[in-house]
Amino acid sequence: MAEISCVQGNIVDQKTDAIVNAANKQLFGGSGVCGAIFDAAGYDVMTEACQKHGHCETGDAVITPGFKLSAQYVIHTVGPVYGDNENDAELLRSCYWQSLNLAEEKSLNSIAFPLISTGIYSYPKEEAVRIAVDSIREFFDDNHASSIEQVILCAYNEEDAKLISKVLKKYQKSTPW
Ligand code: AR6
């Protein structure tokens, strides 16, 4: 089982093999995580790499190089806009799952996620954190021989870091990893 931990900071500063972008379906630069990642990676090169994919469905993910980032790769996943779909939870779960799948396909060792959908897309944070932790754990339950050893949940502020740590602790108490 990979180690799942919480770090407070900026996703672009994470020194994992891949960082995950909270993307839009058109894969254009935006604000929030997306803006920070495009700016730090190099806006033009990242736009060009994303436009080669052209589009990404909600719940799915695509991968590009990290360009100027410390991370070798960026995995772009499109979270649900909260309230727009009957299966929001399933779509959010799929974002984590598909991102881990892509990291696995590249035999990566480490990956850092922001809290997908909890900014502009308005997903309630506590529920989103539970879904994130649940889906990451389920992925490793199904992939015992995974190359991924480290998963970071990156909180942008102290409040989010406390929330993630609380959910992680609860899981550690309830089920041995
Ligand atoms: N590092 C880590 N976390 C961050 C950072 C950062 N640099 N910036 C914001 N957050 P959001 P979404 C937190 O809005 O809700 C974009 O324009 C933030 O506090 O980036 O999935 C895309 O292009 C929040 O908790 O992503 C899409 O159109 C979380 O990261 C849309 O926004 C996600 O916030 C995606 O919206």
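Here the structure is shown first, and the text comes after it.
Just so you know, the residues in each chain are numbered from 1, in the order the chain's sequence is written. Given that this is a predicted model, residues contribute local features only at a pLDDT of at least 70 and side-chain atom pairs are listed and counted only at 80 or more, while totals for whole chains, interfaces and linings are drawn from all residues. To get the side-chain values, all heavy atoms of the structure are used, and hydrogens and water are removed first.

### Brief notes about the pairing of strand β5 (residues 110-113)
Going by this rule: Only protein chains enter the calculation, and the probe is 1.4 Å; a residue is then buried if its accessible area is under 20% of its type maximum, exposed if over 50%, and partly exposed in between. Starting at the N terminus, helices and strands are each numbered in turn, a helix being any DSSP run of H or I of at least four residues and a strand any DSSP run of E of at least two. By this definition, two strands are paired if DSSP reports at least two bridges between them.
Side chains of β5 alternate between two faces, with Ser110 and Ala112 and Ile111 and Phe113 buried alike. Across four bridges, β5 lies against strand β6 (residues 150-155) in parallel orientation. Within the sheet, the bridge partner assigned to isoleucine 111 lies in β6 and is valine 151.

### Regarding the site of the ligand
Just so we agree on the cut-off: Only heavy atoms are used to decide nearness, and a residue is near a molecule or strand if one of them lies within 4 Å of it. Here a polar contact means two N or O atoms within 3.5 Å. Within protein one must be a hydrogen donor candidate and the other an acceptor candidate, and residues neighboring in sequence count only if both atoms are side-chain atoms. Exposure was quantified through the Shrake-Rupley algorithm and a 1.4 Å probe, taking into account, for residues, occlusion by the shown protein chains and nothing else. Ten residue types, Ala, Val, Leu, Ile, Met, Phe, Trp, Tyr, Cys and Pro, are classed as nonpolar, four, Asp, Glu, Lys and Arg, as charged, and the remainder, Gly among them, as polar.
In the vicinity of the ligand there are 21 residues, among which Asn24, Val33, Ser117, Thr118 and Gly119 approach most closely. The contact in question runs from a nitrogen atom of the ligand to an N or O atom on the side chain of asparagine 10, over 2.9 Å. One of the backbone nitrogen or oxygen atoms of tyrosine 121 is found 3.0 Å away from an oxygen atom of the ligand. When the free accessible area of the ligand is taken as 710 Å², the share hidden by the protein chains comes to 91%. In terms of residue count, the dominant contributor to the shell around the ligand is helix α1 (residues 32-41) (four residues). For the shell around the ligand, a count of residues per class yields ten nonpolar, nine polar and two charged.

### Here we look at helix α2 (residues 43-53)
Inclusion rule: Arc definition: it is the arc formed by the directions from the helix axis to the C-beta atoms. Contact criterion: two residues are considered in contact whenever any of their non-hydrogen atoms come within 4.5 Å of each other.
Taken together, the buried positions of α2 are occupied by Met46, Thr47, Ala49 and Cys50. Across the axial projection of α2, the buried residues extend over an arc of 165°, all falling on one side. For α2, exposure combined with an orientation more than 90 degrees from the buried face picks out Asp44, Glu48 and Lys52. Lining the buried residues of α2 we find α1, β3 (61-65) and β4 (73-77).

### A few points about helix α3 (residues 88-105)
Our working rule: Expected helix span is taken as 1.5 Å per residue step, with the number of steps being one fewer than the number of residues.
Its 18 residues place the ends of α3 26 Å apart at the C-alpha level, agreeing with the 26 Å of an ideal helix rising 1.5 Å per residue. Of all the residues in α3, the buried ones are Asp88, Leu91, Leu92, Ser94, Cys95, Tyr96, Trp97, Ser99, Leu100, Leu102 and Ala103. In this structure, the buried residues of α3 make contact with β2 (18-22), β3, β4, β5, α4 (125-142) and β6. A positive phi of about 55° marks serine 107, the residue just after α3.

### Observations regarding unusual backbone geometry
Of note, leucine 27 is a non-glycine position whose phi angle comes to about 60°, a positive value. With a relative accessible area of 1%, leucine 27 lands in the buried category. Unlike most non-glycine residues, serine 107 shows phi in positive territory, near 55°. Its place among the elements puts serine 107 in the loop between α3 and β5. In this structure serine 107 comes out as exposed when scored by relative accessible area, which is 55%.

### A closer look at the sheet that holds strand β1 (residues 3-8)
So the rule is basically this: Axis angles are defined between N-to-C directions and span 0 to 180 degrees, where every axis is a line fitted to C-alpha atoms and, for a helix, only to the segment in contact.
Ordered by their spatial adjacency, six strands build an open sheet running β1-β6-β5-β2-β4-β3, and the pairing between neighbours is mixed. The sheet is open, and its two edges are formed by β1 and β3, each paired on a single side. For this sheet, the mean inter-axis angle between neighbouring strands, taken without regard to orientation, is 25°. Both β2 and β4 contribute to a ladder of five bridges, which runs parallel. Bridge pairing in β4 places valine 20 opposite isoleucine 75.

### Considerations on the environment of phenylalanine 113
Relative to the helices and strands, phenylalanine 113 is located in strand β5. Here the alpha-carbon distance between phenylalanine 113 and alanine 132, two residues 19 residues apart in the chain, equals 9.2 Å. Sequence-distant contacts of phenylalanine 113, defined by excluding residues within four places in its chain, comprise Ile11, Val20, Tyr96, Ser99, Leu100, Ile136, Val151, Ile152, Leu153 and Cys154.

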